Structure formats: structure tokens, C-alpha cells
Amino acid sequence: MSDIVLKVESLSKNYQMGEVVVKALENVSFEAYKGEFIVILGPSGSGKSTLLNIMGGMDTPSNGQVYFNGELITAMSDKELTMYRRNKIGFVFQFYNLMSTLTARENVELASEICSDPIDIDDVLNSVGLLERTDHFPSQMSGGEQQRVAIARAVAKNPEILLCDEPTGALDFETGISILRVLKEVNKKYKDTVIVITHNAAISQMADKVIKMRSGKIIEIIKNKNPIAPERIEW
Amino acid sequence: MKKLDKRLLRMIKITKGQYIAVVLIIVTGIFIFTAVKNSALNLRDTVNDYYDSANFGDIFVSAVSLPEKIEKELIGVQNISGSEARLVLDVPLILDKENENVNVRVVSIDKSENKINKLFINEGKRNISEKNIIVIKQFADARKIKLHDEIKLKINGRQHTFNVTGIASSPEYVYIMENEQTLMPDPENFGVVYVEENYLRQISGTNGNFNEIVVKLNSENDIDKTSDFLKDNLDKYGIKRVVKKDEQLSFGMVDQEVEGLEKMSQSVPIIFLTFAGIMLANMLSRIVKKDRTSIGVLKALGFTNYEIIVHYLKYASTIGIIGGIIGSLIGTALSSMMTSVYLQYFNIPMLSIKFYFSRILAAILLSLLLCMAAGLFGIRGILKINPAESMQAEAPKQGKRIFLESIKFIWNKLSFSWKMVLRNIFREKKKFLLIAAAVSITCSMLIMTFWMNDIIDVMFNKHYTEFMKMQYNVGFTSFLDENTKNEFSEILNVNDIEGRVELPFEIVNGSKSKIVTVIGLEKNTVFYDVNVADEGIILSSNLADYLNVRIGDKILLKNFMPDKDDGYVIVKEIINQSLGINGYMNIDYMNKLFLDKDIINGVYINSLDDVSKILDNVDNISSIQSQSDMKGMFEQFTGMIAISIGSMIIFSGLLGFVIVYSMTLMSINERALEFSALRVMGFTTKEIFYMLIKENSIMSFIGIVLGIPLGKILIDYMGKMFSTDIYTMKEPLTAPEVIWAIIFTIAFLILAQLITYVKIYKLDFMQSLKSRIS
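Residues numbered from 1 in each chain as written. Chains lettered and ligands numbered in written order. Predicted model: local features only at pLDDT ≥ 70, side-chain atom pairs only at ≥ 80, totals over all residues. Heavy atoms only, no water.

Participant: I would appreciate a short explanation of the overall build of chain A in the present structure.
Facilitator: The secondary structure content of chain A amounts to six helices and ten strands. A globule of 235 residues ought to have a C-alpha radius of gyration of about 18 Å, and chain A, at 17 Å, matches this closely. Taking the principal axes of its C-alpha atoms as reference, chain A extends roughly 50 × 40 × 40 Å. Each of the 235 residues in chain A was classed as buried or not, and the buried ones make up 57%. Taking contacts inside chain A between residues at least 6 apart in sequence as the whole, the part at least 24 apart equals 73%. Accessible area for chain A stands at about 9,800 Å²; split by element, carbon and sulfur atoms hold 45% of it. Taken together, the 26 basic and 31 acidic charged side chains of chain A have centroids lying 5 Å from each other. (Helix = DSSP H or I, 4+ residues; strand = E, 2+ residues; numbered from the N terminus. Rg over C-alpha atoms; globule rule 2.2 N^0.38 Å. Buried < 20%, exposed > 50% of the residue type's maximum accessible area, 1.4 Å probe, protein only. Contact = heavy atoms within 4.5 Å. Areas by Shrake-Rupley, 256 points an atom, 1.4 Å probe, with all protein chains shown as cover. Lys, Arg positive; Asp, Glu negative; His and termini not counted. Charge placed at Lys NZ, Arg CZ, Asp CG, Glu CD.)

Participant: Explain the overall build of chain B to me, please; I cannot follow it from the model alone.
Facilitator: For chain B, the count of helices and strands is 23 helices and 20 strands. Here the C-alpha coordinates of chain B stretch approximately 100 × 60 × 50 Å along the principal axes. Out of the 774 residues in chain B, the part that is buried amounts to 54%. Partitioning the intrachain contacts of chain B with sequence separation of at least 6 by distance along the chain shows that 82% fall at a separation of at least 24. Carbon and sulfur atoms form 56% of the exposed surface of chain B, whose accessible area is close to 34,300 Å². The average position of the 85 basic charges and that of the 85 acidic charges among the side chains of chain B differ by 17 Å.

Participant: It is not clear to me how the pairing of strand β4 (residues 103-109) of chain B should be interpreted in this structure. Could you clarify?
Facilitator: All names here are of chain B. Of all seven residues making up β4, seven are buried, and the element is well covered by its neighbours. Covered by surrounding structure in β4 are N103, R105, V107 and I109 together with V104, V106 and S108, the residues of both alternating faces. Looking at chain direction, strand β3 (residues 88-94) and β4 are connected through five bridges and run antiparallel. Its bridge partner lying in β4, V91 is registered against V104. Bridge count between β4 and strand β9 (residues 190-196): seven bridges; the pairing is parallel. Residue pairing across strands places I109 opposite E196, the latter belonging to β9. (Pairing = 2+ DSSP bridges.)

Participant: Even after reading the chapter, I still don't get the packing of aromatic side chains, so can you show me in this structure?
Facilitator: Describing an aromatic ring pair means giving the distance of the ring centres and the angle of the ring planes. All names here are of chain B. By the definition in use, this model includes 23 aromatic pairs over all chains. Summarising the aromatic geometry, the rings of F56 and F251 are spaced 5.9 Å apart at their centres and angled 5° between planes, so their arrangement reads as stacked. One end of the pair, F56, is in the loop between α2 (16-53) and β1 (59-66); the other, F251, is in helix α7 (residues 249-290), and 195 residues separate them in sequence. Of the two residues, F56 and F251, both sit in the buried class. Through a chain of ring-to-ring contacts, three or more aromatic side chains come together here, namely Y50, Y51, F56, F60 and F251. Here the basic side chain of R380 rests over the ring of F377, its NZ or CZ set 4.2 Å away from the ring centre. (Phe/Tyr/Trp six-rings, centres within 6.5 Å; stacked < 30°, edge-to-face > 60°. Lys NZ or Arg CZ within 6 Å of the ring centre and 35° of its normal.)

Participant: What exactly am I supposed to notice about the sheet that holds strand β2 (residues 80-86) of chain B here?
Facilitator: In any sheet, the strands associate via hydrogen bonds between backbone groups, in a parallel or an antiparallel arrangement. Residues and elements named next belong to chain B. Strand order in this open sheet of four strands is β2-β10-β1-β11, and the pairing throughout is antiparallel. In this open sheet, the two edge strands, each paired with only one partner strand, are β2 and β11 (239-244). Across this sheet, the average inter-strand angle for adjacent strands is 20°, counted without regard to direction. Strand direction decides the pairing type here: β1 and β11, joined by five bridges, are antiparallel. Bridging from a neighbouring strand, F60 pairs with V243 of β11. (Axes fitted to C-alpha atoms, helices over the stretch in contact; angles between N-to-C directions.)

Participant: Any chance you could explain the domain arrangement of chain B here in plain terms?
Facilitator: Accessible area lost during the coming together of the parts is what is often quoted as the interface size. Taken domain by domain, chain B consists of domain 1 (1-60 + 252-395), domain 2 (61-251), domain 3 (428-469 + 628-774) and domain 4 (494-607). Taking only C-alpha atoms, the centre of domain 2 of chain B and the centre of domain 3 of chain B are 52 Å apart. (Domains from an automatic or database assignment.)

Participant: Is there a simple way to explain the sheet that holds strand β7 (residues 161-165) of chain A in this structure?
Facilitator: Residues and elements named next belong to chain A. Spatially, the six strands line up as an open sheet ordered β6-β7-β8-β3-β9-β10, and their pairing is mixed. Each edge of the open sheet carries a strand with a single partner, namely β6 (89-92) and β10 (217-223). Ignoring which end each strand starts from, the neighbouring axes of this sheet average 15° apart. For β6 and β7, the ladder comprises four bridges, and the chain directions are parallel. Each residue of the ladder has a partner; that of F91, found in β7, is L163. Relative to the sheet, helix α5 (residues 143-156) contacts β6 and β7, its axis offset from that of β6 by approximately 170°.

Participant: Explanation requested: the packing of helix α14 (residues 429-467) of chain B against helix α22 (residues 735-762) of chain B in the structure shown.
Facilitator: Residues and elements named next belong to chain B. At a minimum axis distance of 8 Å, the contact between α14 and α22 shows a crossing angle of 135°. It follows that α14 is oblique to α22 by the angle criterion. For the crossing formed where α14 meets α22, the hand is right-handed. For the pair formed by α14 and α22, the contact residues are V439, T442, C443, L446, I447, F450, W451 and D454 on the first element and E737, V738, W740, A741, I742, F744, T745, F748 and L749 on the second. Residue classes in the contact of α14 with α22 are distributed as 13 nonpolar, two polar and two charged. (Parallel < 35°, antiparallel > 145°, perpendicular 65-115°, else oblique. Left-handed = near helix turned anticlockwise from the far one by under 90°. Nonpolar A, V, L, I, M, F, W, Y, C, P; charged D, E, K, R; others polar.)

Participant: Help me out: how do you make sense of the nonpolar core in this one?
Facilitator: A general tendency of soluble globular proteins is for nonpolar side chains to be buried together. Core analysis: the largest hydrophobic core is formed by 179 residues, its most contacted members being L51(A), M55(A), Y315(B), Y528(B) and Y584(B). The greatest single-element share of this core, amounting to 20 residues, is contributed by α14(B). The contact partners of M55(A), leaving out residues within four places of it in the chain, are L6(A), V8(A), F30(A), I40(A), I73(A), Y84(A), I89(A), L163(A) and I195(A). Core analysis: the next-biggest nonpolar cluster, separate from the first, contains 55 residues, A85(B), L87(B), V135(B) and L230(B) among them. (Core = buried A, V, L, I, M, F, W, Y, C linked by side-chain atoms within 4.5 Å.)

Participant: Would you mind showing me how to read the environment of L273(B) here?
Facilitator: Tracing the sequence through the fold places L273(B) in helix α7. Non-local contacts of L273(B), meaning those with residues more than four positions away in its chain, are made with I26(B), G29(B), I30(B), L366(B) and L370(B).

Participant: I'm lost on α22(B) in this one. Help?
Facilitator: Turn by turn, an α-helix covers 3.6 residues, leaving residues three or four places apart pointing in a common direction. Taking 1.5 Å of rise per residue, 28 residues should cover 40 Å, and α22(B) covers 42 Å from first to last C-alpha, within 8% of that figure. Within α22(B), the full set of buried residues consists of E737(B), V738(B), A741(B), T745(B), F748(B), L749(B), A752(B), Q753(B), T756(B) and I760(B). (Expected span 1.5 Å × (residues − 1).)

Okay, structure coming up:
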């Protein structure tokens, strides 16, 4: 685990709200290694979503740099950022955000169609445990199933980093755990770096690295020597 | 198939109601456009081809007597490339039935072929010898004259019998009318026949001389110069008229008809296409708004703005292509029908309906471009969507107070649902303005339709009963003494009789000139609704407009009578005349200036007798026109109008129907959550439906109110666009027309509303409340 995939350096993000400047991120720095499972932990409003969006090339910082494999993504044009998202990043959202008019398989294909080096769809669907329900539309699936499709959609692009924004936030405990298991498996199988942001401290037990945030700042970075299996997590 | 394209197809399926609605409007716009445009183009092409192949003359000169040598003398002079002298006589047709009075125009032709104004032989042969006659097709059809029939004509006082050896069409009589005064073709009572030249010269009593010469030019550029040259140089032969090609009666009528079609192809479809464009833009901007999260997800997945824009633009393009194809195909098919309808009024033997692939392609392209442009406008919001922000629920719409709320004494009296209705309207101004605009266009188009339906009637009735009050207009073969009119009183039971002069003049004002019939009337005439002063001239408004003259202006009247002077007269009055284009003068003043004292060339008669029958055998009478004949002709004419009025009603209704339907549908889709919440609270589907109806009714009411002045504007515009030498559409709008238009508008709107009720009834409110995916 020596290759740095993502390097975040003195990152700040300010929002101008009328006359007040809101500091969403303040001087944030850390590194993510290849194949690492990172949990960014913090209460709502701590700036973790802003951080995720900047790392994913969906937002730009006010100050600081983000390097992806040594390349400065914070200096990229819109077009370059789109290509970065297309080929290097996989997103998993809290509310799944699937295309309601496409079936599970089609949702995954939608993503794999546009990238340069996709993974075999059946393989991915199998990995997330959904091979039997691929012809169902999102409205015919449970929340957990939809989130598996969302993960499959992100993974199928064969990204180097999987960015997950509260992936279990809308799910019950059991389903949440199963989703975490899927993320862990994907992490192991495809060697993707997985970054999960959550306010649920229990999840940090499965991470290789835990980044704790509060009020836009990193308050602690913990290296977890013995991450536990997701099924052993309790909350 | 790419997954985004699959999504597109399913999106179309889900929004099929609105999709079909927009397609329908595009289809209507494109189909009217292609139908009318193609008919106009087809007609223009065929007419031009016909004139070319028949070598239609450029200038027509009529004179008292022209020697044969003139034909050769003119060639090579003043740009003239060819000339043909001929004899043209209006003579009575001798019929078995006595009460009919039919005139035919006998025209001399060469034995085998003419160089100018070649005849197109429909039946029989072109070669002609003595006692043979070729009959023009319209007349032959109307009177059921067949090959080898016998025709008897009274030429120079003697009866001559001819054998019909050919039935032909002539470029000179595509539109067959006796003169400018007849207003409409009446092939049963006026025809043209062709007789061999030398034979006609023998029997006509004209000493072998001709009375007309047709001239062909090298190029039409200097037609005015040549025309002036002919007027000056042939004056010694007693020039009556020099008519340039575009003033020639049939040519001018055909030209005006085709021009009217061309104008229509540029106006009506634009209304539909504009609305289709606005609707499509509106629809897509709403779809994009609704798809905000999906678009954000696509962006997060790495789709470029370009790819996403293309995705939504495909939605618009499919509408453009489908609408374009269906519209242009229906239009093309219908244009053949329309062109054949014109066939009944025009006699063009070679009229062929061509299938122009390029025009269909052009129509599809037009439709596609329109939809793409509207689409782009509608989806421009895609660029503004930030993927990170789009994942979060959109901030709820600001529940601003509307201005009406500050008027407490009204607001406090409103029921809860009315308050909601009013707030909705004020918060979604764009949508409701579009509904109001569509309703007002529908209403105004219906007003125009009902007005046009009435106006034709009014125009004819007004002209033939209020403006012209004579039951019979009897024309003489030449000028006679004024006292001749007393002879009529002896053979007829006459209620009123007045002598008249009807004579063509070229009226000139500066660079503008027009040949029209000037009518000389007795002072205080009972036959026309005009009061001729002792001096000066009265002009119909269309003539005054054309010549750009006002009351008090001095205009030049050029006399076509040989050895008579031209003269200036002052415009005393300008009158509205719904049919025809004329000048009116006091008969004594007219005679003094341009003719001789106390002469007339016809009489107006009011009599209960069958004047046509009684005057049948009287000498020196060239024509008898009766009021009832004119009205009968009009009845036939209205059949065609009824069809176009009917289709206008359907088109206008369609526009209002489709827009109200699709806007309500969009509203239901977007407000599914709101309606579901209301349903959960215990509102019935009916109550929700009434709420929607209330919203639409307010806007429809505004639309209808605005539609009335808009209709007035449309009418004025139509009046200007379609007024020709023959019709002047200046009739006022009447209350029943407006009321009918409103009734029809409301009917179309109710229909649209009823259909949307089904949608609300089917609304799955539990599903709507649960859904948080797009």
C-alpha cells in the first residue's frame, strides 16, 4: 500500500452567504493509497460532502490542491474534470439516484458504455449479488437492492476511486451492513480505493483509515491496524 | 442501442400525451405549409410552363381596324420578336332555347398553327378549314358541346353554321371571363371559339382588316417602352386598348390567385409552428427541471454537457422528424387535391401534380430545425445544473404572497381552493400566459373563420342588392343615342330605366396606372349607391389605394376611343366597394369630356318581365346580365369556401385543444406530489379536477377576451392580404361571428379538460408520495 492515489493538500472552500463567509473546508490535507478503505467521519455540516465533491471533480476549492496519481485535478478544466469523473471515479449516493426508466442492468450499462476500460457487467452484478434481478426497474426494487445497483454502476466503470456519500444513510441496519459488505468485497476484488463518508461512527471500524472531521477541519486521522469485517459491525 | 437512447424512448413513452400533442401541432403547421406552398409552387410552375410552351403574347393591342401589313412591319422594331394580327369579335350564339342570351368571342386563327398564343388541342384536330370551329374547353364542358356538333353564330347580322372539329385550351383564357365587370368565370354564358382567319375576314364585314394584334418581345424588361411605342405608332389605326401581359385579364387573375396562395403559405403555418416551438421549449425546460437530479447523476458519472444536451435534443428532434414527415406527406397528398380544385377554375391542359422529393425533405428539415432550436432554448438550463447540488433536494419554491392578497376585502372573501388557484397562476406565470395566448389565438382564428364565412355572403349581397340595384344590365354593341332607352319602355314593363356608359380607361396618377371600367351614371341614379356630382370622378377605395390618390387629386384618364381626347379629372369621392374596381362619373360630364353629347352604350333596367327573353331578338344588344344570374354563380362558388372554412375551424380548435390539454397534463405530472398530498388529506379527484379547471378557466377567459381584439387585427390583416382587384374585404366584424367563435373555443377547451380528467383519476397518489427517484 505504498502508491498514493489521491493527495489532498491544504484544501479550503469558502461560500459567500450575503456578507458572511462560510468556511466549509479549512486547510484539509491527507493522502489516500491504492486499495485503501477510508471512512470520513463527521456530523452533518462538517464539510465531508464538500470534500467528497472536490475529490470527485464535481466542485472546485477556494484554495489548495488535489492530486490524482500525481496529476493536479484542481487545475483541470470542466472538460478534463468530466473525463476524470468518467474514467477514474465511481460515485455512490445516499439516495441511489438510479435512472427510473432503465432496468438494473441498463443502469449499469449506461455507465460502462462511456468509459474506456469497463469491467464485465455480469461479473459486477454477480459481485453485488444482483444477477437475478437485473431486468427489474428501480421502482420494483427495495432500497438495498437499488443501492447495490448503484454500487455496480460505479464499479463497472473500473474506477480507481469509489466515492460513497452516506451509502447506508437511507437503509435499515441489516441492509446497511450488506451494502458495506459489498463495498468491502469490491474494494478487495477490484483493488479500488474506497472512500465512504458517513456520520455513523460504527462504520469506521471496518476502515483502514478513519478521517474525523468537524466544522470543516480534520481533527484526527486514525490508522486502523485491525479493521473488522462489516458483518461484525453493530450500531 | 445506447442506454441513453433507451432512456429517451421510455421518456417519450411516459410523456406520450404531451409528445403526441406537440407532434400534432407540428404536423398541422407543416402540413398546411406544404399543402399550400406545394399548390402554389405547382400552380406557378405549370402556369409558367404553359405560358412558355404556348408562347403567350406580351402585349395585346386592340384597334378599330388594322391592315395586314402591320404584322410584318412591327417585327424587329422596339424589341419586338413576333407579332400576329387577328380578328376578334363578340357575337351572339344562336340557341334553340329562346330565353338564353349567350355571347361568344370569335377569334381568328391560322390554318395549322399560330406562332403566338398557341392552342392546346384537348380533342379533335388543330388544322382548320372554312366552316370549322374550335371551341374552348371550359365552354364546351359547360354547354356539353362535343366534336362534330354544329354551332350557329350570328356574325355581321347573318347566321353561320360551323362544325366543331376541335376542343382546345388557350393560355389567354386560363381563367375565362368576358371582361373585368363579370367578376367571376361563367363558362356557360361566355365562351371563346376559333375560326379560320381568311374565312372569318370574309364573313365579318371588316374589309379583310384585323382588329387586334398580339406582340411577342425579345425580353420583357422594356415592355413599358414597347407599349408606349405601340400606342403612339398605331394611333392612326384607332387604338382602343394596349394591354400588357400582366394586365391581361386571365393572366392577372391566375397570378393573383397563386400569389394569394403563396401569401397564405407564409402566414397561417407560422402561427402553428411558432406555437409548436414555444410549447416544445416549455415542455423540455420542464422535463429538464424535473430531471435535475438525473442530469446531475449523468454529469457525476462522467457524461459531458454535450452528450447530455444531445440526449435531450434527440427528444426534440424526433418530434421534428416525425412531425415533418407526417406533415409533409399529408401536405403533399393534400396539395394534389388542392391543385385539382384549382383545376376546376383554371383551364390549364398540362397541369400536372409533381412529386417533389426535395420539397418534402425541405419541410422535414424546416420542422427539424424549428424543433432543435426550440429544444435548445428549452434545455439550456442543463448547463447550469451542478452535479453536486443536484443531489440535494431542491429548495422549496418560495411561497411569496401575491399582490391580490394585499387587497384584503377581496382576498378574505375567497375560499381556500380559490386562494390556491390564484397563487398557482401567479407563481407559474409563463405556463398560464402560454395557455392564455393559445386560447386567444384559437379564439381569434375562429373569429376570422366565421367572419370570412359571413363576409363572402355579405360582400355579394351588399354588392348586388345594396350597391348595385339594377335587375338587368343591358349592353349595346355600339354607342347609341340616349333616347334609345325609351324604346325599351315600349317593349318592357319597366319600373326604372337609365342610360349608362361603361367604358375602359387607363387611369394614370404619376407613375401608377391601371386600366379600369369607368361607369357614367345619371345624376341621382337609382341603380347605384353612389351620388355622382356634376363634375369629377368617384373611385373605389382599392383603386384609389392602388393609384395612391386622395380626394382632390387630379388624375389623367386616357381614352381608348379612337380620335377622342384624354383628360384630367378631379377625384371627388372615394367609396368602399366590396367587389370590383371602378370609377364613376356623371354621364353628361363623361360624355362632354371623352365622348359625344347624349350617347349611351347600355341601359340599367328594373323590371318584373323576363328581360333576357324579350330582348333576345332585339338588334344592337351585346349582353344582358341579370342579378339572379350573378347570385346563382356565387352559390356554386361557395361550395369550395365551405370546405376551407371547415378545415380552418378544425385547425384553430386543434391548436387550443392541444395546448390546453398538454399544459394541463404537464401540470398534473409536475404537481403529482401536491395532488397526492391533497388526496391523502381527503380531497376527491373531482375537487382536484375543479381546481385545475378553475386555473385554466381564468386563463381561458383572459385568452378569449384578448382573442377578440386579436381577431380584429387578424381580420384587418387578412383584408389587406387578400384584397385583390376583385374583392375588397372591408366588412366589419359582427357580434354573432364573435359569439360563435367563443362558443367553439369553449367547446374545444371543455373537450381538452375532459380528457385530462382521466389522468387525474388514474393518478396513483401513494406512489407519487413515495417516489424520490427520477
